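Listed below, chain by chain, are the residues.
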Amino acid sequence: MLKVTQLSKTYHTPSGKIKAICDVSFQVKKGDILGIIGFSGAGKSTLVRCLNRLEEPDAGQIVIDGQTITGLQGKPLREARKKIGMIFQQFNLFDSRTVWNNIAFPLEVAGWSREQIKERVATLLSLVGLDDKSDVYPAQLSGGQKQRVGIARALANHPDLLLCDEATSALDPRTTQSILELLQKINQQMGVTIVLITHEMDVVQSICHQVVVMEEGRIVETGAVEAVFRRPSSATLRLFGQQKEPIKANQLTNRADYQEVNSLAG
Amino acid sequence: MPDDLLPLMLTGTIETLYMITLSSLMAFLLGFPLGIILVITAPNHIWPLPHLHNALGTVINATRSFPFIILIVVLLPLSRLIVGTTLGATAAVVPLAVGSAPFVARLIENSLKEVERGKIEAAIALGASPLEIVGKVLIPEALASLIRSMTLAVITITSFTATAGAIGAGGLGSLAIRYGYMRYRDDVMIATIVALILLVQGFQWGGNLLARSIDRRRHQFG
């Protein structure tokens, strides 16, 4: 369904080159939920943003449902994006639009008729459990409700693939759980393939089928979730696993991420 | 009270309102597209064209560096070309509009720049075209700020009309110079100042009301 081959992206900053992602290859089967996990700065956000070309990869290939996404420009790229939903950590709802109009936005853009939009938005509102919030503006919603609107908006135009960029990182644990359940329901009922990135191991363990572990822009571990978590080989996963215990000195490097974990643990 | 004060003030105010309305309208028509182009052609925005962006920025800065009274003099030939004369309220509209348009463009640019990057990215991710993003996201999201900016522009244009009055444009500024200053008519001077203060207060009040009603609708709780 999704095939990424040797994808690379380097940022050129005044202080030098930063390899955000380096030679990354992986595949996702139709209907699967792939979790990409790593510490901040591991390149997972850049990776997921390359999939719908919010970021421009320097090299490599992305193929979604047989269509090569890399290389598309202008209208064909916009048409491809209409079939790739995306939700964000900061929700990114339009404050000028009511909940109803936020969900209608992608349908307006895709040229749906007024009648079709009405019907589709009503379906989506009940799918995400916000039937009573239709005429409310985003500023009046809680974080969890905002993300539900984000999900409804992302799913409106029947995408084949849903990208989740730290979709639960701004939410409390209980709300996170309810959003994850919603994503799982969408995956099971609608068959939407999901790629989600997170720095929370619980998220991966609770809903993902496959997992990709990233460190410094590279994939260091990948496979089925149960298998990878049973025998973690990467430093990242071992550190995640030990967050509540003191970390041994020889596991620490100079990287800020590790020191962050260290200070959490210590 | 001298009996010519009231008729003088009446025609002066009408001329000034006429100049403000027409020049604001023209300045917005010119400045609004320029402001939008400035924003979206910036690097990393939805239609990056760095050369156009820089060229436009330079022209706008150059126009804005002119002291307004000099700009009027420079643009007088343009007035003669378009209106046929360099005197009167209509002739003044040309330099007023052309002189304020770059200022309006910068104001529009500043307002549209406030729209969070994430919202624009969401629209891009949903497959919206640059034109759709401008019409459905940038302008609606920045609406309250745009109204505040336009209020500021109208007030600046009001003060420009008074300056233009000094060199033959008519209106309240002309009254203040020709009667208040040159003929020592303190009553006219004071009346024009009061009229201008009332105009500016009125514009500010109206703009605030409009902008606040938008904010309140979007951010009310319950």
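Residues numbered from 1 in each chain as written. Chains lettered and ligands numbered in written order. Predicted model: local features only at pLDDT ≥ 70, side-chain atom pairs only at ≥ 80, totals over all residues. Heavy atoms only, no water.

As named in an unreviewed UniProt entry, chain B is D-methionine transport system permease protein, taken from Heliophilum fasciatum. Listed in UniProt under the heading Sequence similarities (unreviewed entry), the comment for chain B reads: "Belongs to the binding-protein-dependent transport system permease family. CysTW subfamily." Entered under Subcellular location (unreviewed entry) in the UniProt record, the comment concerning chain B runs "Cell membrane". (UniProt positions renumbered as here; feature names shortened; annotations may be inferred.)

As recorded in an unreviewed UniProt entry, chain A goes by D-methionine transport system ATP-binding protein and comes from Heliophilum fasciatum. Annotation of chain A in UniProt includes, under Sequence similarities (unreviewed entry), the sentence "Belongs to the ABC transporter superfamily."

**Q** What am I meant to see in the interface of chain B and chain A here?
**A** How big an interface is tends to be stated in terms of accessible area lost as the parts join. Between chain B and chain A, the residue contacts involve 23 residues of the former and 24 residues of the latter. Carbon and sulfur atoms make up 58% of the surface buried where chain B meets chain A, a total of about 2,200 Å² over both sides. Where chain B touches chain A, the interface holds three salt bridges. Residue Arg49 of chain A is joined to Glu121 of chain B by a salt bridge in which the shortest nitrogen-to-oxygen separation is 2.7 Å. Counting the contacts that link chain B with chain A gives seven residue pairs in polar contact (both at pLDDT 80 or more). Looking at which element gives the most residues to the side of chain B that touches chain A, the answer is helix α5 (residues 117-125) of chain B, with seven residues. By residue class, the composition of the side of chain B that touches chain A is 10 nonpolar, six polar and seven charged. (Contact = heavy atoms within 4.5 Å. Buried area = accessible area lost by both parts, 1.4 Å probe. Salt bridge = Lys/Arg side-chain N within 4 Å of Asp/Glu carboxyl O. Polar contact = N/O pair within 3.5 Å; in protein donor to acceptor, adjacent residues only side chain to side chain. Helix = DSSP H or I, 4+ residues; strand = E, 2+ residues; numbered from the N terminus. Nonpolar A, V, L, I, M, F, W, Y, C, P; charged D, E, K, R; others polar.)

**Q** Would you mind going over the UniProt feature "transmembrane region" (unreviewed entry) in chain B with me for this structure?
**A** Annotation from UniProt places "transmembrane region" (unreviewed entry) at residues 20-42, 54-76, 82-105, 152-177 and 189-211 of chain B. For residues 152-177 of chain B, the end-to-end C-alpha separation is 25 Å, with 81% helix and 0% strand making up the annotated structure.

**Q** Which parts of the structure should I look at to understand the UniProt feature "domain: ABC transporter" (unreviewed entry) in chain A?
**A** What UniProt calls "domain: ABC transporter" (unreviewed entry) maps, in this numbering, to residues 2-241 of chain A. Secondary structure over residues 2-241 of chain A splits into 38% helix and 28% strand, and the C-alpha atoms at its two ends are 29 Å apart.

**Q** Would you explain the UniProt feature "domain: ABC transmembrane type-1" (unreviewed entry) in chain B in this entry?
**A** Following the UniProt record, the feature "domain: ABC transmembrane type-1" (unreviewed entry) maps to residues 13-205 of chain B here. Span residues 13-205 of chain B is 83% helix and 0% strand, its end C-alpha atoms 19 Å apart.

**Q** Before we go on, may I ask you to explain the confidence of the model for chain A in this structure?
**A** Caution applies to low-pLDDT regions: their predicted coordinates should not be interpreted in detail. All names here are of chain A. Of the residues in chain A, 91% have a pLDDT of 70 or more, and the chain-wide mean is 90. Confidence, read as mean pLDDT per element, is least for helix α10 (residues 256-265) in chain A (46) and greatest for helix α3 (residues 99-109) (98). Low pLDDT (under 50) marks residues 244-266, which in the prediction has 27 contacts with non-local residues, meaning those over four places away or in another chain. (pLDDT = per-residue confidence, 0-100.)

**Q** Help me out: how do you make sense of unusual backbone geometry in this one?
**A** A negative phi angle characterises most non-glycine residues, just as the trans form characterises most peptide bonds. Even without a glycine there, the phi angle at Asn92 of chain A is positive, about 55°. Among the secondary structure elements, Asn92 of chain A is positioned in the loop between β6 (84-88) and α3. Residue classification places Asn92 of chain A among the buried positions, given a relative accessible area of 9%. Of note, the phi angle at Tyr184 of chain B is positive, near 55°, even though the residue is not glycine. (Buried < 20%, exposed > 50% of the residue type's maximum accessible area, 1.4 Å probe, protein only.)

**Q** When you look at the packing of aromatic side chains in this model, what are you seeing that I'm missing?
**A** In this description, a pair of aromatic rings is defined by centroid distance and the angle of the planes. Considering all chains together, one arrives at three aromatic pairs over all chains under this definition. Centroid distance Phe94 of chain A to Phe105 of chain A: 4.7 Å. Interplanar angle 50°. Geometry classified as tilted. Of this pair, Phe94 of chain A sits in the loop between β6 and α3 while Phe105 of chain A sits in helix α3; the two residues are 11 residues apart in sequence, bridging distant segments of the chain. Summarising the burial analysis for this pair, Phe94 of chain A and Phe105 of chain A share the class buried. On the numbers, 3.9 Å between centres and 5° between planes, the contact of Phe68 of chain B with Phe160 of chain B is stacked. Here Phe68 of chain B is found in helix α3 (residues 68-83), whereas its partner Phe160 of chain B is found in helix α7 (residues 143-165), with 92 residues between them in sequence. (Phe/Tyr/Trp six-rings, centres within 6.5 Å; stacked < 30°, edge-to-face > 60°.)

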